[in-house]
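Here is how the chains run, residue by residue.
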Amino acid sequence: MNKINIAIDGPAAAGKSTIAKRVAEALRMVYVDTGAMYRAITLAHLNNQETSFKELVGQLELRLINDDGQRVLLNGEDITDRIRENDITENVSFVASQQEVREFLVQLQQLMTRDKGVVMDGRDIGTTVIPDAELKIYMIASVEERANRRLLDNAARGIVSTYDQLVADISERDHLDMTRDISPLSKAEDAIQIDTTGLTIDKVTERILALAEEKLQ
Ligand SMILES: Nc1ncnc2c1ncn2[C@@H]1O[C@H](COP(=O)(O)OP(=O)(O)OP(=O)(O)O)[C@@H](O)[C@H]1O
Ligand SMILES: Nc1ccn([C@@H]2O[C@H](COP(=O)(O)O)[C@@H](O)[C@H]2O)c(=O)n1
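Every chain is numbered independently, its residues counted from 1 as its sequence is written. Working convention: letters from A go to chains and numbers from 1 go to ligands, in the order in which they are written. In view of the model being predicted, local features appear only for residues whose pLDDT reaches at least 70, and side-chain atom pairs are presented and counted only at 80 or more, with totals across whole chains, interfaces and linings using the full set of residues. To obtain the side-chain values, all non-hydrogen atoms of the structure were used and water was disregarded.

(A) Molecular detail of the packing of helix α1 (residues 16–26) against helix α9 (residues 201–216). Axes, fitted as lines to C-alpha atoms, cover a helix only where it is in contact. Angles between the N-to-C directions of the axes lie from 0 to 180 degrees. To qualify as a helix, a DSSP run of H or I must reach at least 4 residues; to qualify as a strand, a run of E must reach at least 2; elements of each kind are numbered from the N terminus. Where α1 meets α9, the closest approach of the two axes is 10 Å, and the angle between their N-to-C directions is 50°. Overall, the two elements α1 and α9 adopt an arrangement that is oblique. In the crossing of α1 with α9, the sense of the turn from one axis to the other is right-handed. In this structure, α1 uses Thr 18, Ile 19, Arg 22, Val 23 and Ala 26 to contact α9, whose residues at the interface are Ile 201, Val 204, Thr 205, Ile 208 and Leu 209. Orientation is classified from the angle alone, with under 35 degrees giving roughly parallel, over 145 giving roughly antiparallel, 65 to 115 giving roughly perpendicular, and any other angle giving oblique. Definitions for this section: a left-handed crossing has its near helix turned counterclockwise from the far helix by less than a right angle. A right-handed crossing has that turn clockwise. Only heavy atoms enter the contact rule, under which two residues are in contact if any of them lie within 4.5 Å.

(B) Here's a closer look at the site of ligand 1. Being near a molecule or strand, for a residue, comes down to having at least one heavy atom within 4 Å of it. Neighbouring ligand 1 are 16 residues; Lys 16, Ser 17, Thr 18, Asp 153 and Leu 199 lie closest to it. Distance and chemistry together define a polar contact, namely a pair of N or O atoms within 3.5 Å, with one atom able to donate a hydrogen and the other to accept it when in protein, and with adjacent residues in sequence counting only for side-chain atoms on both sides. Taking Ala 13, its main chain carries an N or O atom lying 2.9 Å from an oxygen atom of ligand 1. With respect to ligand 1, the side chain of Asp 153 contributes an N or O atom lying 2.5 Å from an oxygen atom. Using a 1.4 Å probe, the Shrake-Rupley method yields the accessible areas, and only the shown protein chains count as cover for residues. Burial of ligand 1 by the protein chains amounts to 83% of its free accessible area of 630 Å². Throughout, the ten residues Ala, Val, Leu, Ile, Met, Phe, Trp, Tyr, Cys and Pro are labelled nonpolar, Asp, Glu, Lys and Arg are labelled charged, and all others, Gly among them, are labelled polar. By residue class, the composition of the shell around ligand 1 is six nonpolar, four polar and six charged.

(C) Focus on the sheet that holds strand β3 (residues 62–65). If you trace the three strands from one edge of the open sheet to the other, you get β3-β4-β5, paired in antiparallel fashion. Among the strands making up the open sheet, the edge pair consists of β3 and β5 (77–78). The pairing of β3 with strand β4 (residues 71–74) spans four bridges and is antiparallel. In the sheet register, Leu 62 faces β4, and the bridge partner there is Leu 74. A strand pair is defined by DSSP finding two or more bridges across the two strands.

(D) Broad picture of the site of ligand 2. Around ligand 2, 16 residues are found, and the nearest of them are Arg 39, Arg 102, Asp 124, Arg 173 and Asp 177. Contacts to ligand 2 include Arg 123, whose side-chain N or O atom sits 3.0 Å from an oxygen atom. Measuring from a nitrogen atom of ligand 2, one finds a side-chain N or O atom of Asp 124 at 2.8 Å. Coverage of ligand 2 by the protein amounts to 97% of the 450 Å² it exposes when considered alone. When residues of the shell around ligand 2 are traced back to their parent elements, those giving at least two are α2 (34–47), α4 (86–96) and α8 (163–179). Top contributing element to the shell around ligand 2 by residue count: α2, with four residues. Grouping the amino acids of the shell around ligand 2 by side-chain chemistry returns four nonpolar, four polar and eight charged.

(E) Inspection of the nonpolar core at higher detail. Among the buried residues, those of types Ala, Val, Leu, Ile, Met, Phe, Trp, Tyr and Cys that are joined through side-chain atoms within 4.5 Å form a nonpolar core. Here the term buried applies to any residue with accessible area under 20% of the maximum for its type, exposed to any over 50%, and partly exposed to those in between, with areas from a 1.4 Å probe on protein chains only. One finds Ile 41, Leu 62 and Val 101 to be the most contacted residues of the largest nonpolar core, which totals 31 residues. For this core, the secondary-structure elements that each account for two or more residues are α2, α3 (53–59), β4, α4, α5 (99–112), β6 (118–122) and α6 (125–129). Ranked by residues supplied to this core, first place goes to α2 with seven residues.

(F) A look at the sheet that holds strand β7 (residues 135–140). Pairing in this open sheet of five strands is parallel, and the strands run β2-β6-β1-β7-β8 from one edge to the other. Of all the strands in the sheet, just β2 (30–33) and β8 (192–195) have a single pairing partner and so form its edges. Sheet twist, expressed as the mean angle between neighbouring strand axes with direction ignored, is 20°. In the sheet, strand β1 (residues 5–9) pairs with β7 via four bridges, with the strands oriented parallel. By the bridge assignment for β7, Ile 6 is matched with Leu 135.

(G) Representation of the UniProt feature "binding site: ATP" (unreviewed entry) in the chain in the model. Taking the numbering used here, the UniProt-annotated feature "binding site: ATP" (unreviewed entry) corresponds to Gly 10, Pro 11, Ala 12, Ala 13, Ala 14, Gly 15, Lys 16, Ser 17 and Thr 18. We classify Ala 12 as buried; its relative accessible area is 1%. Ignoring sequence-local partners within four residues, the contact set of Ala 12 consists of Arg 123, Arg 146, Ile 170, Arg 173 and Asp 174. Relative to the assigned elements, Ser 17 resides in helix α1. Judged by relative accessible area, which is 22%, Ser 17 ranks as partly exposed. The contacts of Ser 17, once residues within four sequence positions are left out, are Tyr 31, Asp 33 and Asp 121. UniProt positions are given in the numbering used here, feature names are shortened, and annotations may be inferred rather than shown by experiment.

This is how it looks when you write it as structure tokens:
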């Protein structure tokens, strides 16, 4: 059976990580949430704001552990839950627009996908990280649906937010991600667009598994 890489890109709260985890589990592939990597560097930056990004990425140790999803270790400390908090979300787009940060993480992500067998989600996976991925998905949903989903998410995590604030925050983050100079969020020409608005998690997972099966023949 072929070994493939699957790239899943799209805006905030479209459902990328949820679906990527399920697809990876079903196909016994490795799951990588690249957003968590940018969030981890954002945390390091907030704790060391006097340090240049070049120095910062040169001195940190970032590890991802696939353990019922993905755990994130920064310099040995488990920061999986910490990086979902509002201060990280409010600063991550700025950090992700820094050339030194992108070069550091894209190189790491390309190393992770070198031997294939990875489902990787983010903003630039199909365009920049693995442009030769055998299957590329561009996942979208209405901003209203994404705000509702994130509201439920945050409530489950004990993070304070309101629907209106999330609509504004998600729209702002989408704009920042789509308009930055380096590796902006965009649909790869050969990506298949899936609008998950009104679709269940199972339905979306089934659709992507069917597409992946065609590539695995
Ligand atoms: N098709 C769907 N229908 C309903 N809820 C969904 C669907 N897909 C994902 N969700 C829920 O929406 C929330 C956000 O999903 P997820 O975190 O996977 O999005 P994301 O695109 O990875 O977001 P981000 O890029 O901000 O990390 C999760 O709580 C998830 O359970
Ligand atoms: N490949 C990627 C992944 C993420 N980003 C930036 O990180 C932010 C957080 O990502 P989430 O998936 O956790 O929402 C995202 O808004 C981007 O600014 C990126 O640039 N490239």
